[in-house]
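Listed below are the residues making up each chain.
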Amino acid sequence: MFVGRGYELELLNDAFHSDRPELVILYGRRRVGKSTLLKMSAGGQKMLSFEALEGMSKIDQIKHFLRQLAEQTNTPLISPTTWHDAFSALTQHIKKKRCFLVFDELPWMATGRSQLISLIKYFWDNKWKNNEKLTLVLCGSVASFMVKHVVHSKALHNRKTLEIALPPLPAFEAKRFFGDYRSNHEIAKFLMIFGGIPKYLEQIDPKKSLADNLDRLCFSRHAFFLQEFDTIFKEQFSWGQVYSEIVKELVKGTATRQQLAEKLDFENSGGLNRYLTTLEQAEFIKQFSPKDVMGKGSKTKRIVLWDEFIRFYLTWIEPNRLIIGNTTKRGLSDRLTRKSIDTYFGLAFERLCMKNIMRIFDSVGIEDYQILGFGPFFRQRSRKEPSDRGLQIDVLVRRRGDVLTLIECKFSKNPIGTSVIDEVKEKIAFLRAPARYSIERVLLSAGDVTSNVVNSGFFNHIVGLEALF
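This one's a predicted model, so the numbers in the text were calculated from it and none came from an experiment.

A. How the structure looks around the pattern of salt bridges. Counting across every chain of the model gives 20 salt bridges. Linking K355 and E308 is a salt bridge whose minimum nitrogen-to-oxygen distance equals 2.8 Å. With a gap of 47 residues between them, K355 in helix α20 (residues 341-355) and E308 in helix α17 (residues 308-317) connect regions that are remote in the sequence. For K355, a relative accessible area of 31% gives the class partly exposed.

Structure representation (structure tokens):
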């Protein structure tokens, strides 16, 4: 099942039918649907696609490349021992005709080294771009390699014509995996566990409940997701143990770089930076600071574990691996999660809203050109004022015209009552915004809201899950 990606399909289709040579860079985390997107964008047209294999030596990668070349061009298999010879053989098949050429999982093809990128640059400059009907796509899942050695490569400087960092699907597109079988409320729960990763959503049986799917996919002996965490950190990152230690620390709560460095025994936070940058490029973590929202104030960034599945795995699956590995009975997901899953969803809902924030803006009439800054907003408690408990706002938006929009996100089975008004009033008081700002208030609720809240007129807008979907 192929869902969404209309914008990316249009970009790739334009590149494929361009009247100039196109060099496209496509990257994103594993399972996000890069290869399928490329197949769909070809639209049945001829595509020469070379997919590398993980963990193979340079000479074995070359042999695998040449086998694919022989199969796709229906020509005899040849046996060069260098990439230069292999690319020379490829050149004979892409000289004139319109061609969609894909190097898939490029970091594996390059065996983690940048020399192959320099050779690609040579062939692009001197051979391949002479064909004005050629579109070359360099594709990979290892974000650190793709960004450092391809996007920011000196060899490919000013040569790329299109760069796509492929994100997970937004909620309104991911919903299509469920048809009309599940409610918006239950779909939101699925997305707070599996995110918008197409490969993950494909595993779900929409005709069955969340609990039934969790039993089969996460809480049974041969569950699809039982080994997924280990696979992610093996394939996506070198030095996987350091990366996994970072996310295991962040599942306990947000932290600053300095706090993480101390907990993980780094001599200083600077030594941690490259690991955090790599995790953020893969969209596994996110960093926010008050300055991002207000344009001034503290630059201290709080680091948030941003990937839904990793958070769910570390919270529920990893601590129960022994039980899961010895269970064939149904109902384990409910027995393990029932005491605190509602609290879990309450916090996860804030991140789901942030990931679909532009849809929320549309629903309350905030135009993108008005936005100066937005994100979760926090302030540490003041040691000088005992009554100051600090501040945490789900989403704060700074807009042109000195307007702040405070968005309160609630995911609850019970109707939201007037206590939410007191919560928001307290947050506004502790926000201490300059007097020139008007503060608009938005309540985003996944469930019902009492008539007392609606009739109070306190909120400028009250919206439901339809804002996401």
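The rest of the description comes next.
B. View of the sheet that holds strand β12 (residues 461-463). Taken in spatial order, the five strands line up as β8-β9-β10-β11-β12 in an open sheet, and their pairing is mixed. Each edge of the open sheet is held by one strand with a lone partner, namely β8 (371-379) and β12. Here the strands of the sheet are splayed against their neighbours by 25 degrees on average, with no regard to which way each runs. Helix α22 (residues 419-431) rests against β8, β9 (391-399), β10 (403-410) and β11 (438-445) of the sheet, and its axis sits at about 140 degrees to β10.

C. Representation of the side chain of K34 in the model. Mapping K34 onto the fold places it in helix α2 (residues 34-42). The buried charged residue K34 lacks any salt bridge, with E105 as its nearest oppositely charged partner at 4.7 Å. There is a polar contact of 2.8 Å between the side chain of K34 and the side chain of S141. Not counting residues within four places of it along the chain, the set of residues in contact with K34 comprises L26, Y27, G28, R29, C139, G140, S141 and L166.

D. Representation of the packing of aromatic side chains in the model. All told, the structure shown has 34 aromatic pairs when counted by the stated rule. Aromatic side chains F87 and F103 sit 5.7 Å apart centroid to centroid with 10 degrees between the ring planes, which places their arrangement in the stacked category. On the criterion of sequence distance, the pair formed by F87 in helix α4 (residues 83-91) and F103 in strand β3 (residues 99-104) is long-range, its members being 16 residues apart. Taking the centre distance of 6.1 Å and the plane angle of 80 degrees together, the rings of F312 and Y344 count as edge-to-face. Here F312 is found in helix α17, whereas its partner Y344 is found in helix α20, with 32 residues between them in sequence. Judged by its relative accessible area of 0%, F312 is buried. We note R441 situated over the ring of F458; from NZ or CZ to the ring centre the distance is 4.5 Å.

What counts, and at which threshold
Residues numbered from 1 in each chain as written. Predicted model: local features only at pLDDT ≥ 70, side-chain atom pairs only at ≥ 80, totals over all residues. Heavy atoms only, no water. Salt bridge = Lys/Arg side-chain N within 4 Å of Asp/Glu carboxyl O. Helix = DSSP H or I, 4+ residues; strand = E, 2+ residues; numbered from the N terminus. Buried < 20%, exposed > 50% of the residue type's maximum accessible area, 1.4 Å probe, protein only. Pairing = 2+ DSSP bridges. Axes fitted to C-alpha atoms, helices over the stretch in contact; angles between N-to-C directions. Contact = heavy atoms within 4.5 Å. Lys, Arg positive; Asp, Glu negative; His and termini not counted. Polar contact = N/O pair within 3.5 Å; in protein donor to acceptor, adjacent residues only side chain to side chain. Phe/Tyr/Trp six-rings, centres within 6.5 Å; stacked < 30°, edge-to-face > 60°. Lys NZ or Arg CZ within 6 Å of the ring centre and 35° of its normal.

So, to be careful, I would describe these as geometric facts and stop short of saying anything about function.
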